[in-house]
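# An overview of the molecular structure
Single-letter residue listing:
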Amino acid sequence: MRTRTENTARVVVIGAGMAGARLAARVPDVTVIGEESHAPYNRVLLAEVLAGRYPADVIALPPAEVRRGVRVVRIDRNDRLVHCNDGSVVHYGRLVLATGSNPVLPPLRGLGNTMPDGVHAFRTLDDCMALRASVRPGVSAVVIGGGLLGVSAARALAECGAQVVLAHQGEHLMERQLDAESAGLLRSHLESLGVEVHTECRVRGLRCADGAVRAVELADGYELAAEITVLACGVRPRTGLAQAAGLEVRKGVVVDDELRTSDPYIHAVGDCAEHRSTVYGLAGPALEQADVLADVLAGRPARYEGTRALTRLTLNGPADPGTASLDLAAFGDSRPLPGDDVVRLADATRGAYRTVVVRGDRLAGGVLLGDLAAVGTLARTWQDDAPLPAETSLLHLLTNDGGF
């Protein structure tokens with residue numbers, strides 16, 4: 001097949017997600033190649049689109065020149081060429097992998113290479129729009145996975161009027177971010193929205209008929225009626241291109257403090273990148289990596305030292321004014337180790353919960369639900385890894401100024 005060869009671009013970015021779009025906004029003379037047909041968008045707000053709070057165009061990122069709907073099939077490191085599925089070949093001076101991640105599809109009985117009708121991942125805008133088109137008031141929906149994505153999807157589906165069951169294998173919701181008590185409060189809030197929550201619940205398979213899902217089968221033999229099933233079981237870095245090109249890959253594409261891979265002319269940022277043995281899979285670190293790499297590519301001194309990421313989530317209540325929204329923020333490690341100090345405040349009257357873990361003279365982590373007035377000061381102190389003032393009482397950490 002005859003190919004066309006394009007003019008050499010100084011920087012070529014594979015992937016038009018949040019990291020790729022951020023880099024494109026800061027780097028001149030860049031070619032961005034993206035598989036999706038949509039312009040770059042804010043993936044963090046997909047649940048708001050699913051809930052009908054925002055139209056899809058509202059979550060679009062600032063305009064960037066992107067070759068949309070084009071998939072890179074091969075990287076030729078010797079000649080510094082990128083081969084695309086439309087037959088085009090793009091030269092690069094520096095190549096940036098911003099290929100993101102894929103949703104994890106669990107090994108469930110009834111889930112083959114082609115997903116049955118009614119079964120949805122929830123990772124892209126196309127996923128979101130397909131799911132929204134299938135939701136109607138009263139439809140039975142099961143969300144598998146109670147992490148941040150699963151909780152967001154369950155809330156959005158409930159807001160659309162679906163009868164939602166959330167099935168989570170772990171002991172409590174969002175166990176990566178929350179302690180047991182705050183997870184219990186989150187569960188109560190979801191239940192107030194009409195979501196039926198099951199924890200320590202292992203899903204065995206899907207029961208399908210005529211190519212469509214009918215029920216979710218649990219390991220204990222029970223079935224959950226399901227006209228819609230959402231798989232929110234985590235994500236896995238997209239490393240296929242990097243592996244095929246011979247780059248070092250572990251959990252993700254291994255990069256150094258300049259976001260450089262094992263090939264000095266190729267970098268990686270975002271969900272696909274593994275830095276100091278960590279794959280973040282979050283928007284905040286992806287954007288920070290893109291900013292650092294923009295400086296590196298411009299010849300400015302810059303190093304990525306890792307991100308101390310803050311997780312924030314707002315679960316809006318339904319139209320019923322008697323059900324309030326729930327704001328949540330979590331940072332660091334909220335699970336104390338022996339010798340740690342723990343300060344906790346539960347205010348049932350105000351619907352607030354705050355806990356912080358102090359390790360030595362520094363904040364190790366914390367969770368705040370309801371009233372987030374103190375989160376700014378606490379998060380900054382934790383992100384800066386700054387010692388707490390000696391005169392600060394631990395109890396004052398939970399005041400609105402964080403005790404400072």
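Sequence positions are assigned chain by chain, starting from 1 and proceeding in written order. Under the rules for a predicted model, residues below a pLDDT of 70 receive no local features and side-chain atom pairs below 80 are neither given nor counted, while totals for whole chains, interfaces and linings still include all residues. Only hydrogens and water are set aside when side-chain values are computed; all heavy atoms of the structure are taken into account.

## Some words on the overall build of the protein chain
- A run of H or I in DSSP counts as a helix once it spans at least four residues, and a run of E counts as a strand once it spans at least two, with each numbered from the N terminus. When helices and strands are tallied, the protein chain shows 8 helices and 25 strands.
- Each radius of gyration is computed over the set of C-alpha atoms, and the globule rule expresses the reference value as 2.2 Å times the number of residues to the power 0.38. Computed over its C-alpha atoms, the radius of gyration of the protein chain comes to 23 Å, within 12% of the 22 Å expected for a compact globule of 404 residues.
- With the principal axes as the frame, the protein chain shows a C-alpha extent of 70 × 65 × 35 Å.
- Taken across its 404 residues, the protein chain has 51% of its residues classed as buried.
- In short, Shrake-Rupley with a 1.4 Å probe defines the accessible areas, and a residue's cover is counted only from the protein chains shown. Summed over its atoms, the accessible surface of the protein chain is roughly 18600 Å², and 48% of this surface lies on carbon and sulfur atoms.
- Once the 42 positive and 49 negative side-chain charges of the protein chain are each reduced to a mean point, those two points are 5 Å apart. The rule is simple: take the accessible area with a 1.4 Å probe, protein chains only, and divide by the maximum for that residue type; under 20% is buried, over 50% is exposed, in between is partly exposed. Lys and Arg are tallied as positive, Asp and Glu as negative. Neither His nor the chain termini are counted. To locate a charge, the coordinates of NZ of Lys, CZ of Arg, CG of Asp or CD of Glu are taken.

## Regarding the pattern of salt bridges
- For salt bridges, the criterion is a side-chain nitrogen of Lys or Arg within 4 Å of an Asp or Glu carboxyl oxygen. With the rule as written, the count across this model stands at 28 salt bridges.
- Among the ionic pairs, glutamate 35 bridges to arginine 238, the shortest N-O distance being 2.8 Å. Pair noted here: glutamate 35 is in the loop between strand 3 (30-34) and helix 2 (46-50) and arginine 238 is in the loop between strand 17 (235-237) and helix 6 (240-244), with a separation of 203 residues, a long-range link.
- Within the structure, one salt-bridge network assembled from shared partners comprises Arg22, Arg26, Asp291, Asp295 and Arg300.

## Section: the sheet that holds strand 14 (residues 212-218)
- In this analysis, strands are considered paired if DSSP registers two or more bridges between them. Spatial strand order, 13-14-15: 3 strands in an open sheet with antiparallel pairing. Each edge of the open sheet is held by one strand with a lone partner, namely strand 13 (203-209) and strand 15 (223-225). Averaged over neighbouring strand pairs, the angle between their axes works out to 30 degrees when direction is ignored.
- In the sheet, strand 13 pairs with strand 14 via 6 bridges, with the strands oriented antiparallel. Considered in strand 14, the bridge of alanine 209 is made with alanine 212. Axis definition: a line fitted to C-alpha atoms, limited for helices to the stretch in contact. Angles are taken between N-to-C directions and run from 0 to 180 degrees.

## Describing unusual backbone geometry
- Look at aspartate 210: it is not a glycine, yet its phi comes out positive at around 55 degrees.
- Topologically, aspartate 210 is positioned in the loop between strand 13 and strand 14.
- One non-glycine residue, serine 277, adopts positive backbone phi at about 70 degrees.
- Within the secondary structure, serine 277 is located in the loop between strand 20 (273-275) and helix 7 (283-297).

## Some words on the state of the cysteines
- For this text, the term disulfide refers to a pair of cysteine sulfurs within 2.5 Å. Tallying each qualifying case throughout the model produces 0 disulfides.
- Cysteine 84 takes part in no disulfide bond, and the closest cysteine sulfur to it belongs to cysteine 272, at a distance of 16 Å.

## A closer look at the nonpolar core
- Among buried residues, the Ala, Val, Leu, Ile, Met, Phe, Trp, Tyr and Cys ones that are joined through side-chain atoms within 4.5 Å form a nonpolar core. Grouped together as the largest cluster of nonpolar side chains are 46 residues, with contacts concentrated most on Leu23, Ile75, Val82, Leu95 and Leu97.
- Considering every element that reaches this core, the biggest residue donor is helix 7, with 7 residues.
- Other than its neighbours up to four places away in sequence, valine 82 contacts Ile14, Ile33, Val72, Arg74, Ser88, Val89, Val90, Tyr92 and Leu95.
- Counting 44 residues, the second largest nonpolar core, distinct from the first, contains Ala162, Met174, Val230 and Leu326. The contact definition used throughout considers only heavy atoms, calling two residues in contact when any of these lie within 4.5 Å.

## Notes on the packing of helix 1 (residues 18-26) against helix 7
- For the pair helix 1 and helix 7, the least separation of the axes is 8 Å and the interaxial angle reads 30 degrees. It follows from the interaxial angle that helix 1 and helix 7 lie roughly parallel. Classified by chirality, the crossing of helix 7 by helix 1 is right-handed. Across the interface between the two elements, Met18, Ala19, Arg22, Leu23 and Arg26 from helix 1 touch Ala283, Ala286, Leu287, Ala290, Asp291, Leu293, Ala294, Asp295 and Leu297 from helix 7.
- In this count, Pro and Cys sit with the nonpolar residues alongside Ala, Val, Leu, Ile, Met, Phe, Trp and Tyr, while Asp, Glu, Lys and Arg are called charged and the others, Gly among them, polar. Its residues assigned to classes, the contact of helix 1 with helix 7 comprises 10 nonpolar, no polar and 4 charged. Roughly parallel means an angle under 35 degrees; roughly antiparallel means over 145; roughly perpendicular covers 65 to 115; every other angle is labelled oblique. Left-handed describes a crossing in which the near helix is turned anticlockwise from the far one by less than a right angle; the clockwise case is right-handed.

## Quick word on the environment of leucine 337
- Within the secondary structure, leucine 337 is located in the loop between strand 22 (326-332) and strand 23 (341-347).
- As for leucine 337 and valine 357, which are separated by 20 residues in sequence, their C-alpha atoms are 9.0 Å apart.

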